[in-house]
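# Secondary and tertiary structure notes
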Amino acid sequence: MAIPTTRTKDVAQIIINQDLCNGCGLCVSVCKDYGLEVINGKISQAANPIFGCIGCGHCMSVCPNGAIRIEGRFTSADHLFPLPRKEDATTYLSYLNLLQRRRSIREFKDKPVDRELIDKILAAATQAPMGLPPSDTNVLVLDTAEKVRKFSFDYCDYLKSLKWMTSGWFLMLARPFWGKENDLLFRNFVRQMMDIFISAREKGENMVTYDAPAALYFYGSPFSDPADPIIAATYAMLAAESLGLGTCMLGGMHPFIQSGGAAAKFRKNQGIRFKSKEGLILIIGHPAVKYKMGITRSFANVDFV
Ligand SMILES: Cc1cc2nc3c(=O)[nH]c(=O)nc-3n(C[C@H](O)[C@H](O)[C@H](O)COP(=O)(O)O)c2cc1C
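We now turn to the structure provided with this report. Everything numeric in this text was worked out from a predicted model, so none of it was measured.

## A few points about the overall build of the chain
Each helix and strand in the chain was counted, giving eight helices and eight strands. If you line up the chain on its principal axes, its C-alpha atoms span 75 × 45 × 45 Å. Within the span of the chain, comprising 305 residues, buried residues form 38% of the whole. Residue pairs at least 24 apart in sequence account for 75% of intrachain contacts in the chain once pairs closer than 6 positions are excluded. A total of about 18,200 Å² of accessible surface is found on the chain, and carbon and sulfur atoms cover 57% of it.

Quick look at the structure:
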């Protein structure tokens, strides 16, 4: 068995055309599975790779002669495309400008996000790196304001059943097990967040996803690296920004829909396929607010050691 994912548990096939191989060894140098070697000036499969081919495709995308193909693990020579010209890729300055202009948007025009834009965002996000190919990131697409609202209200109704998690007695009992930091977060953030979500919902207001006209929920699988869906969501956010849309990441839902029977029922009802270590919702829409100024931010620590 190869490295398992929900999509495949097999290794990919390495198909070599020795007639086309010039023995340059570029494929050997990029294969970190140590799956290839040059013997007598031609490429061959190595006898003892580490995992077996994971299907990253680096060998076939670096080969100058098309002498190597990978088939399997959702990778194929058919997926190769000519690289866009470097001059057509972004510069540091235009990328920085995009980042500096971005603000989290929670006020949206009453205007749908066209399917074409959602497809463009998803196409960009699939280019995100992943812990191991094939990506085990899943995306739940809510492409109308009605779907986003229903998802959010269902979540609030579900959240009501978790109110005990913010009660004084539970937090007192939990503190020795999950630590001071979690205790502080629950007392000073989660409790208020739950209260406002639920009370707003009772008044018919959506404080969870701010009535965005579209939302993409990126989540992983029991196999995937927890960072995978977060990176994909970040790519999607920047793609949406480049298309002139406003976005906001929402982290408050994912952790609360992972454990227990009620969470499993919520996931099933919403079409969420797996529980996963990490996930993030990205709300998207045409912004109803324009910011005049950027804000300089800082990291907690940057230590050059
Ligand atoms: C991982 C993550 C989770 C977030 N979760 C929420 C959320 O649940 N609700 C919300 O309104 N904003 C959420 N945000 C948006 C942040 O509050 C926002 O990025 C921050 O206030 C800074 O504002 P800016 O994005 O405009 O720079 C989240 C952002 C990130 C990166």
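## Observations regarding the site of the ligand
All residues adjacent to the ligand are R102, R103, S104, R106, Y210, C248, M249, L250, G251, G252, L280 and R297. Taking R297, its side chain carries an N or O atom lying 2.8 Å from an oxygen atom of the ligand. For the ligand, whose free accessible area comes to 620 Å², the fraction covered by protein is 59%. With three residues, strand β7 (residues 246-250) is the largest single contributor of residues to the shell around the ligand. In terms of residue class, the shell around the ligand is built from five nonpolar, three polar and four charged.

## As for unusual backbone geometry
Of note, the amide linkage connecting P133 to P134 takes the cis form, showing an omega dihedral of -5°. Mapped onto the elements of the fold, P134 is located in the loop between α4 (115-125) and β5 (138-142). The backbone of Y34 shows a phi angle near 50°, a positive value even though the residue is not glycine. With respect to the secondary-structure elements, Y34 resides in the loop between α1 (26-30) and β2 (36-39). The phi torsion at F74 lies on the positive side, around 60°, for a residue other than glycine.

## Focus on the packing of aromatic side chains
If you walk through the whole model with that rule in mind, you get eleven aromatic pairs. Their ring planes at 45° and their centres at 6.3 Å tell us that Y155 and Y158 sit as a pair that is tilted. On the criterion of helical spacing, the pair formed by Y155 and Y158 is a turn pair, its members being three residues apart in helix α5 (residues 145-160). Across this residue pair, the class does not change: Y155 and Y158 are buried. A ring pair is formed by W164 and F170, whose centres lie 5.0 Å apart and whose planes are at 90°; its orientation type is edge-to-face. Exposure remark for W164: the relative accessible area of 40% places this residue in the partly exposed category. Each residue in the set W164, W169, F170, W178, F186 and F256 is aromatic and connected to the rest through ring pairs, giving one cluster. One cation-aromatic arrangement involves R7 over F74; the distance from NZ or CZ to the ring centre is 4.1 Å.

## Focus: the packing of helix α3 (residues 92-101) against helix α7 (residues 227-242)
Relative to each other, α3 and α7 sit at 95°, their axes nearing to 10 Å. On the basis of their axis angle, the class for α3 and α7 is roughly perpendicular. Together, Y95, L98 and L99 of α3 and L238, E241 and S242 of α7 make up the contact between the two elements. Residue classes in the contact of α3 with α7 are distributed as four nonpolar, one polar and one charged.

What counts and how
Counting starts from 1 at the beginning of each chain's written sequence and moves along it residue by residue. Reporting in this predicted model follows two pLDDT cut-offs: at least 70 for local features of residues, and 80 or more for side-chain atom pairs to be given and counted; totals over whole chains, interfaces and linings ignore these cut-offs and use all residues. Heavy atoms throughout the structure, all of them, feed into the side-chain values; hydrogens and water do not. Only DSSP runs of H or I covering at least 4 residues are called helices, and only runs of E covering at least 2 are called strands; the numbering of each starts at the N terminus. Partly exposed describes any residue whose relative accessible area lies between the buried limit of under 20% and the exposed limit of over 50%, with all areas from a 1.4 Å probe on protein chains only and scaled to the type maximum. Whether two residues are in contact is decided by their heavy atoms, any of which lying within 4.5 Å being enough. Note on areas: Shrake-Rupley with a 1.4 Å probe; residue coverage comes only from the protein chains shown. Note on definitions. A residue lies near a molecule or strand when any single heavy atom of the residue is within 4 Å of it. Any pair of nitrogen or oxygen atoms within 3.5 Å is treated as a polar contact; in protein, a donor-acceptor pairing is required on top of that, and neighbouring residues in sequence qualify only through side-chain atoms on both sides. When residue character is reported, Ala, Val, Leu, Ile, Met, Phe, Trp, Tyr, Cys and Pro are called nonpolar, Asp, Glu, Lys and Arg charged, and the others, Gly included, polar. Aromatic contacts are taken between Phe, Tyr and Trp rings whose centres are within 6.5 Å, Trp giving its six-membered ring; a plane angle under 30 degrees counts as stacked, one over 60 as edge-to-face, and the others as tilted. Distance and angle both matter: a charge sits over a ring if NZ of Lys or CZ of Arg is within 6 Å of the ring centre and within 35 degrees of the ring normal. Every axis in this analysis is a line fitted to C-alpha atoms, fitted for helices over the stretch in contact. Angles between the N-to-C directions lie between 0 and 180 degrees. Each angle gets one of four labels, with under 35 degrees taken as roughly parallel, over 145 as roughly antiparallel, 65 to 115 as roughly perpendicular, and the rest as oblique.

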